[in-house]
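Tertiary structure, described
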Amino acid sequence: MATKLAAVLRLELFTLKNRSVFPQPIWSQSSWSSQFCARALSGLLLAIVTLTLTSCSQNLYKFPQFTFANRPIPPSLLANRVMVGVTANGTSTGSLAILDGNRDIRSNIQNTIKSFAISGFSGGYPDQIFNFPEQITGYVLSDSDGSLTKINYGTEASTGAVGTFVAKATSIGISESFARIVAGLQNQSEIEVLDNATGSTFFLQLPNVQNIAINQGGTVILATVRNSNLLYRILKLNINAPFPPGYIDCQPLNLPVYCVVPVPGNYDRPTTAYFSVDGTTAYVLNCGPECGGATASVSALQQGLLTIDVIPTSTPYPSPVTATIPVPGGATTAVSDGTTLYVAGQQLLPDGLFAGNLSTIALASNSVTGKYSISDGNHSKILFADDNTLWIGSQFCATGERAKLGQNYNCLTRFDLGAKVASIIPNVTPGSPTATVPFPNTDNNPYYYGSLTGLCWVQNLHKVYTAYGGQVHAFMTADGSEINNSNITVQGTALDVAYMDAITNAAN
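This is a predicted model, so every value here is computed, not measured.

Remarks on the overall build of the protein
Within the protein one finds three helices and 33 strands. Put simply, the protein has 508 residues, and 50% of those count as buried. Carbon together with sulfur atoms contributes 55% to the accessible area of the protein, which is approximately 22,500 Å² in total.

A word on the state of the cysteines
Taken as a whole and assessed by the stated rule, the structure comprises three disulfides. Residue pairing for Cys-287: its cysteine sulfur links by disulfide to Cys-291, the two sulfurs lying 2.0 Å apart. Of note, the bridge from Cys-287 to Cys-291 carries an S-S torsion of about 75° and is right-handed in sense. A relative accessible area of 1% means that Cys-287 is categorised as buried. Covalent S-S linkage joins Cys-397 and Cys-411, the inter-sulfur distance amounting to 2.0 Å. Torsion about the S-S bond of the Cys-397 and Cys-411 cystine: about 135°, corresponding to right-handed handedness. Of this pair, Cys-397 sits in the loop between β26 (389-395) and α3 (401-405) while Cys-411 sits in the loop between α3 and β27 (412-416), and the two are 14 residues apart along the sequence. The class for Cys-411 is buried, based on a relative accessible area of 0%.

Side note on the pattern of salt bridges
Once the charged atoms of two side chains with opposite charge are near each other, the side chains can pair. Scanning the model with the defined rule gives six salt bridges in all. Between Asp-100 and Arg-103 there is a salt bridge, and its shortest N-O distance comes to 2.8 Å. Residue Asp-100 is classed as buried on the basis of its relative accessible area of 2%. Exposure remark for Arg-103: the relative accessible area of 31% places this residue in the partly exposed category. In this structure, Asp-195 and Lys-236 form a salt bridge, with 3.1 Å as the shortest nitrogen-oxygen distance. On the criterion of sequence distance, the pair formed by Asp-195 in strand β10 (residues 190-195) and Lys-236 in strand β14 (residues 231-236) is long-range, its members being 41 residues apart.

Points about the sheet that holds strand β28 (residues 421-425)
Reading across from one edge, β25-β26-β27-β28 is the order of the four strands in this open sheet, with antiparallel pairing throughout. In the strand order of this sheet, the two ends are held by β25 (378-385) and β28, each with one partner. Recorded for the sheet is a direction-independent mean angle of 20° between the axes of neighbouring strands. Relative to β28, β27 runs antiparallel, the two sharing five bridges. For Phe-415, the partnering residue across the bridge sits in β28 and is Ala-422.

Conventions used here
Residues numbered from 1 in each chain as written. Predicted model: local features only at pLDDT ≥ 70, side-chain atom pairs only at ≥ 80, totals over all residues. Heavy atoms only, no water. Helix = DSSP H or I, 4+ residues; strand = E, 2+ residues; numbered from the N terminus. Buried < 20%, exposed > 50% of the residue type's maximum accessible area, 1.4 Å probe, protein only. Areas by Shrake-Rupley, 256 points an atom, 1.4 Å probe, with all protein chains shown as cover. Disulfide = S-S within 2.5 Å. Salt bridge = Lys/Arg side-chain N within 4 Å of Asp/Glu carboxyl O. Pairing = 2+ DSSP bridges. Axes fitted to C-alpha atoms, helices over the stretch in contact; angles between N-to-C directions.

In structure tokens form, the structure reads like this:
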């Protein structure tokens with residue numbers, strides 16, 4: 001830059017000096033010197049400003065020589081990308097927007113590019129993003145047509161649909177190995193298995209199948225059934241192996257490959273499962289009263305007895321349950337730091353309404369060590385974030401105990417893991433003329449954003465991004481304050497969010 005500056009300055013001085021060969025007005029020597037100095041100074045300032053702006057524009061999105069994990073530099077040149085599933089009309093028109101999660105803008109800094117998006121994506125209602133930043137890959141399920149699309153984070157483009165399932169009634173399980181994709185087709189009472197190793201698809205009959213839970217390695221696949229206390233698992237047979245005793249269904253019938261078998265245990269409306277960090281335990285979340293059952297609890301199961309290659313040879317099957325932990329606060333979603341299991345759910349109160357709670361379970365003793373009041377609603381989102389915080393999201397929060405009591409009934413909770421204090425975000429007081437939501441959605445409701453359907457942790461930037469009431473809202477993890485979202489809102493309805501450049505897959 002110094003060399004360029006010196007060259008421009010020399011050119012400016014040469015030009016000024018040689019202007020004297022042309023007829024000029026008669027100036028005094030002092031006048032000419034003053035004019036010369038003024039022109040030289042102006043040229044110098046112009047050169048500095050020009051070169052500075054040029055240099056800055058070239059380095060606005062400068063990447064290091066060696067990117068993290070050798071990840072490719074994306075076409076957008078954004079290093080902290082948040083992907084947002086957006087629908088324009090709820091059915092046929094959808095998109096995947098890309099936001100700058102570092103600067104909290106949807107355009108580039110120069111504002112020459114007004115927005116960024118994943119190219120080639122056509123799903124109408126992209127409401128579920130399966131985020132695998134470690135593999136530079138994402139999968140997006142569109143609820144309107146049941147299509148599952150693969151996204152290449154390096155090229156910021158869709159690579160096409162990997163499968164099409166049942167619209168509006170599909171639960172998907174995808175492992176980090178991508179060895180197989182498993183879908184619960186609720187309306188068809190079937191489990192669909194896409195075996196990526198063989199390129200084959202298998203359909204297993206399971207009446208009223210509801211949710212699919214799969215571990216990171218894809219070796220344990222569990223299925224729950226609507227309005228029941230039953231739990232099932234999928235197993236894969238060896239070539240020419242006989243049908244396992246007590247199976248529910250095996251396919252194909254002539255040479256079976258995959259089968260569904262029951263998992264013995266005393267469950268109470270099991271809804272999903274969380275798999276331990278060390279890979280030894282599957283924690284089945286028994287929804288209990290929130291789902292029409294009797295008692296909410298967590299059942300700890302040995303993963304080793306549940307893998308797809310463990311084939312039963314006789315009945316009754318041995319139970320893999322090692323402990324059942326009652327959770328009075330409810331249990332619909334969970335996450336663990338290795339020593340404590342954090343479980344969110346709702347408790348049925350005497351007035352017939354539900355109240356949201358976060359329960360802590362010490363894994364060493366399998367005992368509940370604390371219960372904390374959080375947002376009401378159906379809790380489905382939970383993750384750790386910066387500043388020693390835990391964030392929980394839920395849906396349909398305005399019909400619970402908090403709304404009845406005139407308390408803040410929004411759907412996002414920030415939990416301080418050190419102080420053990422829960423805060424409903426944003427911090428509003430229903431009915432107050434001043435304590436209102438800072439950035440209302442298009443419905444202009446001053447006290448309630450709506451259901452939270454997307455949550456991601458923008459790692460090391462002390463932020464979480466959300467799809468909150470149909471729009472993008474971002475919050476600081478240090479204190480829960482909201483970032484002005486005027487430059488990150490999307491055209492349409494925001495359904496889900498994912499941090500594409502996360503260090504680990506745990507950011508979503």
